[in-house]
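Next come the chains, spelled out residue by residue.
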Amino acid sequence: MKKTLSLLALSTLIISSNAGTDNFNDDVIEAKQISNVTEESLNSIPSKKITLYQQYSVHLNDANANKKVEEQKPVEAEAEVSVGYNQKEIGILIKWKDDTKSVQPAMTTTKFGDGVSVQFPVKYGKGTTLAYIGMGDTKHPVMTYLKKAVEGRDYQKAFIAEGFGSLTEISEKGFSFTMKYDDTNKQWIAFIKKPIKTADLNLASGLVPVSFAIWDGDSLNRDGNKVISNWKFIKMDKMKTDPAYLKYVSWGYGDIGNPERGKELMIQNGCNGCHRFADQTSAPEGLAPNLSKIGGYSNPVYLRESIVNPNDVVIRNLNINRHYNKSAEKDKNGAYPNNDMYTWYIKDNKGNLTSKMPPYTHLSEQDLKDIVAYLKTLK
Amino acid sequence: MSKRQLAMVMDLNKCIGCQTCTVACKTQWTNRNGREYMYWNNVETHPGAGYPRNWMEAGGGFDQDGNLKDGIIPDMVLDYGVPWDYNHDELFNGSLLQTKSDLEWGPNWDEDVGGGEYPNSYFFYIPRICNHCSNPGCLAACPREAIFKREQDGIVLVDLERCQGYRYCIAGCPYKKIYFNPKISKSEKCIFCFPRVEKGLPPACAHQCVGRIRWVGFLDDEEGQVYKLVHKYKVALPLRPDFGTQPNVYYVPPLFDPPKFDDNMAPIENSRRIPMEYLELLFGKEVHQALETLRKEMEKRARGEESELMDILIAYSHRDMFRLDNNYYQQEAAKKGLKGSEFFKIIDQRYLQGANTQRVEIKDYTFHEKVLPLPQKEKHGGH
């Protein structure tokens, strides 16, 4: 995923001058009904170009990888996606440029392989809000299909997850994920094929949310250290789309408000007390998701929901043992208790989770639009 | 985090660096299945780079406020060091004996080098295993929450089913005592020989120690020698307590080193070669008091008086040194409704997959050259 500086400058220009010209259709992937779901047949379906951005919501603790994250800051990865389906199966073909093929070797400790994953929410459609993009949340489980380039092993896995740390492998019959490097065009070509309907996931619908992640071995990418897309929507050409759902997910695209005012509102409302974003870095690292690149991988309606109804998407934070309370008393074995300040939710005795972020329902419609317009520019 | 905590004490005054513990551990756990390069137990010379190279500068652990710090992942060839092969086949054609690869680094590369200028040079050994910390950095770092601390005894283990080989644990451990197994792409570490401990046997490294420098027991067992060394006499101290993980391996700091020589090669009375600053760095400010206690108790004994501490440190009997409270594990098993041979089911189910992996031999150790060329020389200066 190497990009030239000129492209970098260009992308910055687009963001600053054309903030708000984003279009819902850019997030729609047209799927064609085909008789046989094969890599060849998908090659004939027009592809959609999608852009993936560096995950920046949570900070991981590999110092060398983090240096690369900072270097990689403005780099966007592009992938081409085509989708085809029939009564039984769905196939997705993903191609992305990568000048350096990385396969995780069998005998080193410091190398990582390239990889790709495809994620679907388990529930979607009318009346269902969008899941958190980072492996779902407690109310929105997701299915994640992963393929990695690992020497000597066919590494393809299917997982179910409801937030960080909850990824659990499951076996799915009829699922296959291949990945091969095209030396001529310096690109990876990955092909996933799976049943259109399983006990866990039914994709036979007019409008199916899907998202993508790509790992670059050279950048020491693995786990949450990756580039990810926002929710895209597969539009199945022969299936009916629910107009209410379409209306819901397409909210907030285009020029909806004043980003400058949005930023001011965020500061006025104290968002920077917990979240870091842009030049607002006074909040302790890890206290809440870092919003500095949130616009690259969040849909406008998701951003809106997160502000007015944070309890709908209670996100498990990364391992709660990352912060302990130095001012609390040690237990008899010398262990400090975890620092609850860094837990993103409150758990009641029934196990229900409530987000620590209060709902910002007092905001006017225009305030909300301005804030979302600003968050969209953070990439 | 756990109900009880197992701990180990090592008396550095008695360690002779014979590596019997290292071999005991290696033959028991790490001579197979991608663990060949790992030394869950190692003995390193201090001052020195240690194993893996410069581990003390490799980050991890917690900062002053209790937040996990970033760290790095050591390189298998340059920091851990791997075994090398010789050109035995070519000797018959008149070649000289040489290694097949450039020697970069090895697990005990700077053995006995130590510090100080001749004639005042000095060194001592530190045997190291996983510290089974009360606030483990590895556990905190894992985004998969695949590392757990056992409720019954505080042993820190990797759930090999959940581990996906992301290696944040290695960056998070300030002692670099958790290792990446590239063959199975999962992290593995010292398991405190829990299958032995559950049967009342001490970990292999402690049992085999010829110098009898290791004590094993529960930290809350007030009759146990571990408790007495750590809490009653406070002569056993954790290594690098500033890393903030509350380690549970404790060291009796070195009390004896030869006096310094002056310019005429005459010994300087009451001088010591090991700088106190270095001992403070390793064991914290408490090292002064610990050394003072040791000295006083020793003088007491020299005067013919009783000293429980000296009796403990003489290490008369394995039975007293390894007080594993045998019935404890049986009771724990009984609470879970396990009887007789079912007792072994208490061995954590989450570890079974790793414990039973098929044995595979690696015959060729030149793998690292085949897989990746060695980096440029000038970059070898450690991290």
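Up top you'll find the structure we're talking about.
Residues numbered from 1 in each chain as written. Chains lettered and ligands numbered in written order. Predicted model: local features only at pLDDT ≥ 70, side-chain atom pairs only at ≥ 80, totals over all residues. Heavy atoms only, no water.

Draft legend 1. Examining the overall build of chain A more closely. Per the secondary structure count, chain A includes 7 helices and 15 strands. Expected size for 379 residues packed as a compact globule is a radius of gyration near 21 Å; at 21 Å, chain A falls within 12% of this value. Along the first, second and third principal axes, the C-alpha set of chain A runs to 60 × 50 × 50 Å. Looking at the 379 residues of chain A, the share that counts as buried comes to 57%. Taking the contacts inside chain A whose residues are at least 6 apart along the sequence as the reference set, 70% of them involve residues at least 24 apart. (Helix = DSSP H or I, 4+ residues; strand = E, 2+ residues; numbered from the N terminus. Rg over C-alpha atoms; globule rule 2.2 N^0.38 Å. Buried < 20%, exposed > 50% of the residue type's maximum accessible area, 1.4 Å probe, protein only. Contact = heavy atoms within 4.5 Å.)

Draft legend 2. Fine view of the packing of helix α5 (residues 259–268) of chain A against helix α7 (residues 365–377) of chain A. Residue and element names in this part refer to chain A. One way to put it is that α5 packs onto α7 with a least axis distance of 7 Å and a crossing angle of 100°. What the angle tells us is that α5 and α7 run roughly perpendicular. Facing Pro 259, Arg 261, Gly 262, Lys 263, Leu 265 and Met 266 of α5, the residues of α7 in contact are Gln 366, Asp 367, Asp 370, Ile 371, Ala 373, Tyr 374, Leu 375 and Thr 377. (Axes fitted to C-alpha atoms, helices over the stretch in contact; angles between N-to-C directions. Parallel < 35°, antiparallel > 145°, perpendicular 65-115°, else oblique.)

Draft legend 3. Quick peek at the nonpolar core. Of all hydrophobic cores here, the largest spans 104 residues; its most connected members are Ile92(A), Ile94(A), Phe120(A) and Phe212(A). Looking at which element gives the most residues to this core, the answer is strand β11 (residues 207–215) of chain A, with 7 residues. Cys169(B), Leu219(B), Leu237(B) and Val287(B) belong to the second-largest nonpolar core, a separate cluster that totals 101 residues. (Core = buried A, V, L, I, M, F, W, Y, C linked by side-chain atoms within 4.5 Å.)

Draft legend 4. Summary view of the pattern of salt bridges. Residues and elements named next belong to chain A. Taken as a whole and judged by the stated rule, the model has 33 salt bridges over all chains. Among the ionic pairs, Arg 261 bridges to Asp 370, the shortest N-O distance being 2.5 Å. Of this pair, Arg 261 sits in helix α5 while Asp 370 sits in helix α7; the two residues are 109 residues apart in sequence, bridging distant segments of the chain. Given the relative accessible area of 32%, Arg 261 is considered partly exposed. Salt bridges sharing partners connect three or more residues here, namely Arg 261, Asp 367 and Asp 370. (Salt bridge = Lys/Arg side-chain N within 4 Å of Asp/Glu carboxyl O.)

Draft legend 5. Looking closely at the interface of chain B and chain A. Of the residues lining the interface, 51 residues belong to chain B; the matching set on chain A comes to 44 residues. Between chain B and chain A the total buried area reaches about 4,100 Å² when both faces are included, carbon and sulfur atoms providing 45% of it. Three residues stand out in chain B for area buried against chain A, namely Asp70(B), Tyr166(B) and Tyr168(B), and they jointly supply 15% of the buried area on that side. For the interface between chain B and chain A, the tally reads 2 salt bridges. A salt bridge links Asp220(B) to Lys332(A); the nearest nitrogen and oxygen atoms lie 2.7 Å apart. The tally of links from chain B across to chain A stands at 35 residue pairs in polar contact (both at pLDDT 80 or more). Every element with two or more residues in the side of chain B that touches chain A is listed here: α2 (76–80), α3 (137–141), α4 (168–172) and α14 (367–371) of chain B. Its residues assigned to classes, the side of chain B that touches chain A shows 24 nonpolar, 15 polar and 12 charged. (Buried area = accessible area lost by both parts, 1.4 Å probe. Polar contact = N/O pair within 3.5 Å; in protein donor to acceptor, adjacent residues only side chain to side chain. Nonpolar A, V, L, I, M, F, W, Y, C, P; charged D, E, K, R; others polar.)

Draft legend 6. Layout of the packing of aromatic side chains. Under the definition given, this model contains 30 aromatic pairs over all chains. Aromatic side chains Phe24(A) and Phe233(A) sit 5.5 Å apart centroid to centroid with 40° between the ring planes, which places their arrangement in the tilted category. Placement of the pair is Phe24(A) in the loop between α1 (5–17) and β1 (28–33) and Phe233(A) in strand β13 (residues 232–236), with a sequence separation of 209 residues. Each ring, one from Phe124(B) and one from Tyr278(B), has its centre 6.3 Å from the other, and the planes form 65°; the classification is edge-to-face. You can see Phe124(B) sitting in strand β3 (residues 124–128) and its partner Tyr278(B) sitting in helix α8 (residues 276–283), a full 154 residues away along the chain. One exposure class covers both Phe124(B) and Tyr278(B), and it is buried. Among the aromatic residues, ring-to-ring pairing joins Tyr37(B), Tyr39(B), Tyr51(B), Tyr80(B) and Tyr179(B) into one connected group. Against the face of Tyr168(B) rests Arg222(A), its NZ or CZ located 4.2 Å from the ring centre. Over the ring of Tyr328(B) we find Arg4(B), and its NZ or CZ is 4.4 Å from the ring centre. (Phe/Tyr/Trp six-rings, centres within 6.5 Å; stacked < 30°, edge-to-face > 60°. Lys NZ or Arg CZ within 6 Å of the ring centre and 35° of its normal.)

Draft legend 7. Focus on the sheet that holds strand β8 (residues 214–218) of chain B. Residue and element names in this part refer to chain B. With mixed pairing, 5 strands are arranged side by side in an open sheet as β9-β10-β1-β8-β11. One side of each edge strand has no neighbouring strand; the edge strands of this open sheet are β9 (237–238) and β11 (322–323). Sheet topology places strand β1 (residues 6–11) next to strand β10 (residues 249–252); 4 bridges connect them, and they run parallel. Across the sheet, residue Met 10 finds its bridge partner in β10, namely Tyr 251. (Pairing = 2+ DSSP bridges.)

Draft legend 8. Structural view of the environment of Met107(A). One can find Met107(A) in the loop between β4 (89–97) and β5 (115–121). Each C-alpha atom, one on Met107(A) and one on Asp137(A), is 36 Å from the other, the two residues being 30 residues apart in sequence.

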